[in-house]
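Notes for the structure review
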Amino acid sequence: MSLSTHQHLQRFRSYLLRNGLKYTRQRQAIAEVFYRGNKHLSLQELLDLAREREASIGYATVYRTMKLLAEGGLAVEHQFADGQARYEPAEEGEHHDHIICLRCGRIVEFEDPVIESRQNAIASREGFRVSSHKLEIYGECLDTECRDLEGSGDDDVVL
Ligand SMILES: [Zn+2]
Ligand SMILES: [Zn+2]
């Protein structure tokens, strides 16, 4: 079961207080757009959204707030092919992998029980107990809108 935005914010607030940090208006605004918004947002996208609420927010504040959320286990940070950090809310007991389009940047989530159990089987065959894994599939999606991007510059990876 996924938490509501309100529950996420409460968790962030108590995490900050436990660590002697303040729950500032800026941090609250950033966390709110993060938990309300789309998954896999970049720092720049989070900054644009947060600024609509608190014009005083700068890139460094977004950067530090997202680091705090990730350190507290409240957000998951991904580095997909473009090397930009992207964040999604951490949901307890939830796991998924990603397919990323190199042309339009679309990100699809999936979970496949066969892949999951094969990975565990391979790890234990090699003498490992799995603590985590990341699986990222890259390609070009077959959306018509995405195909229209073709020819608009081959070396343009828009993620
Ligand atoms: Zn695409
Ligand atoms: Zn995801």
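Let me sum up the structure you'll find in this document. Nothing here was measured: the structure is a model prediction, and the numbers come from that model.

Spatially, β5-β4-β6 is the arrangement adopted by the three strands of the open sheet, whose pairing is mixed. The sheet is open, and its two edges are formed by β5 (107-110) and β6 (136-139), each paired on a single side. Each strand of the sheet is rotated relative to its neighbour by a mean of 20°, with strand direction disregarded.

Before going further, it helps to spend a moment on unusual backbone geometry. Although it is not a glycine, His40 adopts a positive phi angle of roughly 60°. Of note, His40 is situated in the loop between α2 (25-36) and β1 (41-42).

On to the sheet that holds β1, then. Taken in spatial order, the three strands line up as β1-β3-β2 in an open sheet, and their pairing is antiparallel. Lying at the two open borders of the sheet, with one neighbouring strand each, are β1 and β2 (75-79). Relative to strand β3 (residues 85-89), β2 is paired through five bridges, and the arrangement is antiparallel. Within β3, the position partnered with Val76 by the bridge is Glu88.

Conventions we followed
Residues numbered from 1 in each chain as written. Chains lettered and ligands numbered in written order. Predicted model: local features only at pLDDT ≥ 70, side-chain atom pairs only at ≥ 80, totals over all residues. Pairing = 2+ DSSP bridges. Helix = DSSP H or I, 4+ residues; strand = E, 2+ residues; numbered from the N terminus. Axes fitted to C-alpha atoms, helices over the stretch in contact; angles between N-to-C directions.

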